[in-house]
Structure formats: C-alpha cells, structure tokens
Amino acid sequence: MEISKIMKKKIEELISKGKRIDERDLKEYRNLEIRTKISAKAEGSAWVKLGDTEVIAGVKMDAIEPFRDSPDEGVLAVAAELSPLSSDRFESGPPGIQAIELARIIDRGIRNSEFIDMKKLCIKEKEKVWSVSLDIYPINDSGSLIDAAFIASVVALKEAFIPEYKDDEVQYGELSNKKLPLREMPINTTVYKIDNKFVLDPLTEEEDAANTRLSFTITYPSEVINAMQKTGQELTEEEILEMESIALKEGKKLHAKVLSLIK
Amino acid sequence: MKKEKEETEELEETEQEITEKDEKREVVVPGEVIATGKDFLPGEGTRKEGEEIIASKFGLLEKTDRLVKVIPLSGAYIPRAGNTVIGQIVDVSFNGWMIDVLAAHQAFLPVMECFGYINKKDLTEVYTFNDLIVTKVRAVKPRSVELTMKEKGLRKLEGGMLVKINPTRVPRIIGRAGSMVKTIKDETRCNIIVGQNGLVWIRSDENDVEKEITAKKAIELIVQKPFHEGLTEKVKEFLQEEIKKLNKQ
C-alpha cells in the first residue's frame, strides 16, 4: 500500500520540526546487527539487520574466460532479488526496476571505489580469471534497504575465501585460505530530502514522503566518493554539498561501527 | 467536533469481541488435535478429520459447550460482513472506488453506497487517490469485498496519523467493552478509530503531535504485551508518565 496523504503530511510536519515518528534524530541510524558465515555453500556470506530491515548477501566465485577489453581483470556481477516475502510491494517474477536499481547502486559503489583489486583476480591472462557473483536477498524491508544491502555486500566480500583451483577447474566445497584481494572498505550513506531537511536511515513511510535521495559510496579513510541520485526533485549545488558533508560525517561513524561488529 | 467523537466511540463498542477468562486459555498450533469424539463441533480455525478436530491456525483454544474454535494470534486480515475498517483509495472508476483494506482482495465501494449528492462525472471530488476512509464491509464474495458508507460515523479521515498493527491484536486494543481504547483517548485527549483490519487512526483534539505519538506508543505497547494481567492499568500508568514528561518540556 502506498503512503496515504494523511501520513505524508504528518511526516513532513514532524520532519520540519526536526522530529521523526520513531523519535530518532534526523541523522541517526537504527540499531545495527551483523552475522557472518550464515550460508554453508557460499564462499562468503553476511546477514545484516538495521532496525527491522534484514538483508542477506552471498558471494559465489567461478573461473571464467575474461572479457576481451580487460584480459587481466576479474569480473564482478551484482544481482538483487526482492522477494514478496520481504514487503507487500514486491511481486515475484523477473527483477523489477527497484531490484535493478538496488543491484546497480551497489555494483557501481563497489566498482568505482575499487574495493576489489580486479587485477589480482587474474589466474592466467586472456584465459582464466575469477568472477565474483554477489547476490542480495532482502528478508524484510522496513526502509533504508540500500544502506543495509551495501553493508551486507561489503561484509560478505570481506569474509569470502577464494575456492581451491586445481587442474584448470574450481574445486567447489574446498576453500583455500586466501581471502579476496580487497582495498579500503567503502560504505554507503543515502541521504534523503524530506521537506527541505536531510534525513538518514528512513522508514518505509519516510522513504515514500521523500522528495529525492542521493546515495554516497565513500571509502574511509581516503574518502573516495561516488554518488547517485534517484529521479525526483532537482537539487541545488549547495544542497548537494551539504548532503555530501552529512554523508562524509555520518558514513564515517557507520564505517567504524561495521568494522567493530565484524571483528 | 464533540458530536463526531461520540459517534466513533459508539462504533468501537459494537466491534469488541473480547470475552472474559482470556488469560486462562490454552495455546494451540496448526496440526494439534484439540478434541476427539462426536461430542464436539469444529468451529473457526479448526477442521475435522475423521473423529478428530484439528487446529488449522496458531492461536487460543476456546470451547463453548460443543463448539470448538481457535482465536488466531497471528495472520492477515480476513474480511467479514459488518466489520468497520480503514481503507485507502487505490483506484477511481466510473461507478465507484477501489479500496485497499489490507485483505487478500481489493474492496469495491460503489457510488450507490454513499450518502448525499455525488457528481458522477468526477468521483475524485468525493474521494481521491491515497485518501483514507472509515468504511464498513457490506458483503464478502469469493473474489471481492463490497463496502458501504451508508452508516453513522463512516467518513473520510482528515489529519492525524495512521498506525498499522496486526489485525489479531485489534480486540486487545479495544479492550473489554472499549475500556482500553477509552483509557488511551482520555489520557492523551486523542480521537482514535480502530479498524478491524489493523489500521488505527489517531488525531489529537488539541492538534498536538506529541500526544499522537504517545498514543501510538501505547498502542505498540499493547501489541507487544497482549497477555499481561491488568494491562489496562499498566497502559494508564505508562500514559500518565509520558504525559508528565511532555508537560515538563
């Protein structure tokens, strides 16, 4: 069910006063929980709970022929499936626009931040490289799915081990002790604009009431920024810069929290 | 305003389904044999297999004379004729409105079932997309639900906020003869309408958002702890404390 007029008005009224329906601060994230190694068959997996939003991400690897334009680089493929079990708005069937968008934001975030060292995923130039498949499954959508899914994705990649590779074949079920070649961990902070105020970690109702959103994927500590906006209201330069400074500041806290939780 | 309040109160009193001895009931799970022999009749939430009556829902067991039924503790809203519900307009057609009442099927409200003069050329003048209305289920058919507005207290909702709860908790929110909802209303000075489909509408009489949020918190408290003894008293205490805090600010 889409947001009702009454609720939209109420949320805007509250946000303009600097309050929220669940009495959080405008820039406060909900309680974060992380569990790893939740899938026995996956090379790496993670379960993330942000408030009531739950997401599972899994990493599976395969040795394939590289693309011709990058013969010495590994391949990354991100896919998201929004199952009807997670929200009454999702339907089963081929991935819809929301699922494609979610997968793409995460794909771009990981790719552009150069989190994975693709060159080191080469087994033999022009013949065999590792392909990394990252699958995202929301278990429950209670808002802020992008941020939660991004945390699950990076944690799953961090926890993943490369499988054993012998006689030109991947030995599934046998993991080597080598982890994926990773660089600085990025984190995604999506800033929502509701009634001229900026809000982080919205609930589903708040997402509906938002004018637009801007997703920042930032690596720490070197602060490489990648940003993507959802269609909606246009933003002025000052607004974008303000959103960026919010994302930089709050993302740093989130980054530190994620690192402390997976230790 | 005052007249309106009286109307809504009347609505809820007719809706209450709760009986005494709630705390002593047994909890059953689907597949559990709850009675054997021909002395019992299968009621709601049960099915008969041979001589045995088996629970088909998770809930509280209730035996009245020969009838055995299960009052569910979880699950989606199943519409029933006579239920007062809160619905959202999702579509406007030439002869009525399609309304989402959180049931398996969308409900239909025909123009014929509305009061007063309606300009048939533009039905959005009456109710438009994403409006909320209090409405009553007139009839439930195999693939559709029919609604009516031709009754006292049924209207479009203006202002306030909406809380979504599990529909099986609705009798708890209302309480014995409407006692629980009356407590919340009196303490927070809010107008509250509880739909049987688990949607609760709250609007402060003083247009105070804080009080609406307090009422929302009280409702969430009831949903979380439905089996506490003396819950009405606890909710009263909770509300009085919260209101005190608000007044201090």
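Bear in mind the structure is a predicted one, so any value in this text is a computation, not a measurement.

1. Regarding the nonpolar core
Nonpolar side chains tend to gather and get buried jointly when the protein is soluble and globular.
Residues and elements named next belong to chain B.
And step 1. Formed by 68 residues in total, the largest nonpolar core has its most connected members in Trp 97, Leu 109, Ile 184, Ile 202 and Val 235.
And step 2. Of all the elements, helix H4 (residues 209–224) adds the most residues to this core, at seven residues.
And step 3. Counting only domains with at least three residues in this core, you end up with domain 2 (84–157) and domain 3 (161–248).
And step 4. What Ile 202 contacts, discounting residues up to four positions off in sequence, is Gly 160, Met 161, Val 163, Cys 190, Asn 191, Ile 192, Glu 212, Ala 215, Lys 216 and Ile 219.

2. Considerations on the pairing of strand S8 (residues 84–93) of chain B
The side chains of a regular strand alternate, residue by residue, between the two faces of the sheet.
All names here are of chain B.
And step 1. Counting buried residues along S8, seven of its 10 residues qualify, which places the element largely inside the surrounding structure.
And step 2. Bridge count for S8 against strand S11 (residues 132–141) is five bridges, and the pairing is antiparallel. What sits directly across from Ile 86, in S11, is Val 134.
And step 3. As defined by bridge partners, S8 adjoins strand S9 (residues 96–100) across five bridges and the pair is classed as antiparallel. Looking at S9, one finds that Ile 89 is bridged to Ile 99.
And step 4. Taking the residues that link successive antiparallel strands as the turn, the S8-S9 hairpin has two residues.

3. Description of the sheet that holds strand S4 (residues 46–49) of chain B
Residues and elements named next belong to chain B.
And step 1. Strand order in the open sheet formed by three strands is S2-S5-S4, and the pairing between neighbours is antiparallel. Only two strands of the sheet have a single neighbouring strand rather than two, namely strand S2 (33–36) and S4. Direction aside, the axes of adjacent strands within the sheet are offset by 25° on average.
And step 2. The sheet contact formed by S2 and strand S5 (residues 52–55) spans three bridges and is antiparallel. Its bridge partner lying in S5, Thr 36 is registered against Glu 52.

4. Concerning the environment of Ile 6 of chain A
And step 1. Here Ile 6 of chain A lies in helix H1 (residues 5–16).
And step 2. Taking relative accessible area as the criterion, Ile 6 of chain A reaches 9% and is therefore assigned buried.
And step 3. Here Ile 6 of chain A is in contact with Leu 132, Leu 157, Glu 158, Gly 159, Gly 160, Met 161 and Trp 201 of chain B, once residues within four sequence places are set aside.

5. Section: the confidence of the model for chain A
And step 1. Residue-level pLDDT values for chain A average 92, and 100% of them are 70 or greater.
And step 2. Element-level pLDDT for chain A is lowest in strand S8 (residues 169–179) of chain A, with a mean of 87, against a maximum mean of 96 in strand S2 (residues 44–50) of chain A.

6. Some thoughts on unusual backbone geometry
All names here are of chain A.
And step 1. That bond from Tyr 220 to Pro 221 is cis: its omega, 5°, falls within 30 degrees of zero.
And step 2. Along the polypeptide, Pro 221 turns up in the loop between strand S11 (212–219) and strand S12 (225–229).
And step 3. Of note in the backbone geometry, Lys 126 takes a positive phi value of approximately 65° without being a glycine.
And step 4. Its location among the elements puts Lys 126 in the loop between strand S5 (122–124) and strand S6 (128–140).
And step 5. Exposure remark for Lys 126: the relative accessible area of 63% places this residue in the exposed category.
And step 6. Phi at Asp 195 takes a positive value of approximately 50°, unusual for a residue other than glycine.
And step 7. Relative to the assigned elements, Asp 195 resides in the loop between strand S9 (186–194) and strand S10 (197–200).

Reading the values: rules and limits
- Residues numbered from 1 in each chain as written.
- Chains lettered and ligands numbered in written order.
- Predicted model: local features only at pLDDT ≥ 70, side-chain atom pairs only at ≥ 80, totals over all residues.
- Heavy atoms only, no water.
- Core = buried A, V, L, I, M, F, W, Y, C linked by side-chain atoms within 4.5 Å.
- Buried < 20%, exposed > 50% of the residue type's maximum accessible area, 1.4 Å probe, protein only.
- Helix = DSSP H or I, 4+ residues; strand = E, 2+ residues; numbered from the N terminus.
- Domains from an automatic or database assignment.
- Contact = heavy atoms within 4.5 Å.
- Pairing = 2+ DSSP bridges.
- Axes fitted to C-alpha atoms, helices over the stretch in contact; angles between N-to-C directions.
- pLDDT = per-residue confidence, 0-100.

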